[in-house]
Amino acid sequence: MNGPPEAALDDIRRRLDELHHEAQRASALGRATLSALAVLSAQTRQAVEEGLRQEADALRRQVADPMQHDLFEAFCELQALATPEGRLARDLEQALIDRAAGLDAASVALPGRKAG
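So, here is what we can say about the structure in this document. (Residues numbered from 1 in each chain as written. Predicted model: local features only at pLDDT ≥ 70, side-chain atom pairs only at ≥ 80, totals over all residues. Heavy atoms only, no water.)

1. Quick word on the overall build of the protein chain
Filter applied, for reference: To qualify as a helix, a DSSP run of H or I must reach at least 4 residues; to qualify as a strand, a run of E must reach at least 2; elements of each kind are numbered from the N terminus. Only heavy atoms matter for contacts: two residues are in contact if any of them lie within 4.5 Å across the pair.
For the protein chain, the count of helices and strands is four helices and zero strands. Each helix (α) and strand (β) of the protein chain, taken in turn from the N terminus, gives the series α-α-α-α. Counted over contacts in the protein chain with a minimum sequence separation of 6, partners at least 24 positions apart contribute 42%.

2. Some details on the environment of Glu-50
Worth spelling out the cut-off: With a 1.4 Å probe rolled over the protein chains alone, any residue whose accessible area is under 20% of its type maximum counts as buried; one over 50% counts as exposed, and the rest are partly exposed.
Within the secondary structure, Glu-50 is located in helix H2 (residues 42-62). According to the relative accessible area criterion, Glu-50 is partly exposed, its value standing at 34%. In sequence terms Glu-50 and Phe-75 are 25 residues apart; their C-alpha atoms lie 9.2 Å from each other.

3. Let's talk about the nonpolar core
Filter applied, for reference: Think of a nonpolar core as a cluster: buried Ala, Val, Leu, Ile, Met, Phe, Trp, Tyr and Cys residues, connected wherever their side-chain atoms sit within 4.5 Å.
Core analysis: the largest hydrophobic core is formed by nine residues, namely Ala-38, Val-48, Leu-52, Ala-56, Leu-59, Leu-71, Ala-74, Phe-75 and Leu-78. At the level of secondary structure, the elements contributing two or more residues to this core comprise H2 and helix H3 (66-81). Once residues lying within four places of it in the same chain are set aside, the contact partners of Leu-78 are Leu-34, Ser-35, Ala-38, Arg-45, Val-48, Glu-49 and Leu-52.

4. Points about the environment of Gln-46
In this structure, Gln-46 sits in helix H2. When its relative accessible area of 47% is taken as the criterion, Gln-46 is described as partly exposed. Separated by 32 residues in the primary sequence, Gln-46 and Leu-78 have C-alpha atoms spaced 9.3 Å apart.

5. Here's the deal with the pattern of salt bridges
Defined as follows: Salt bridges, as used here, are contacts in which a Lys or Arg side-chain nitrogen is within 4 Å of a carboxyl oxygen on Asp or Glu.
For the structure shown, the criterion picks out four salt bridges. The salt bridge involving Arg-14 is made with Glu-18; its shortest N-O contact spans 2.8 Å. Taken as a pair, Arg-14 and Glu-18 lie in helix H1 (residues 6-38) at a separation of four residues, close to a single helical turn. We classify Glu-18 as partly exposed; its relative accessible area is 42%. Notably, a salt bridge pairs Arg-53 with Glu-50, separated by 2.9 Å at the nearest N-O pair. Of the two residues, Arg-53 and Glu-50 are both situated in helix H2; the distance of three residues between them amounts to about one turn of the helix.

6. As for the environment of Leu-34
As for its placement among the helices and strands, Leu-34 is situated in helix H1. Leu-34 sits 18 residues away from Leu-52 along the chain, and the two C-alpha atoms are 9.5 Å apart. Not counting residues up to four positions away in its chain, the partners in contact with Leu-34 are Val-48, Leu-52 and Leu-78.

Here's what the structure looks like:
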C-alpha cells in the first residue's frame, strides 16, 4: 500500500485538530459578540437577527451544513434574550459573573471536613 508515511498522517491529524479548535474558538467569540450586541437595544438585536437569518438562508441554498444548525440555535438564543425572562436570566448571569470576579481564593472560606 503506497500512502503517506504515518508521521505525515499524524501531522495532518494534528493540523486538522488545531483547525477544528480554532474554528470552535472563532465560533464562540462570534456568539459572545452577537449576544453582547443583541442586548444593547432592540434595534441592534433586530440587526443581529436579520444578519443571522440571511446567513442561514444562504447556507440553506448551498447545502445542508452543521453550521446552519448553529445559526438557528444562535437565532433562538437571541429571541429568548428579547423576552423579560431572558433579560432577567442574562442579568442574573452577569451579576453572578461580576460577584465571582470580585472574589479571591483567600476570601472564600470552605467548610472543613468532619472526622468520621
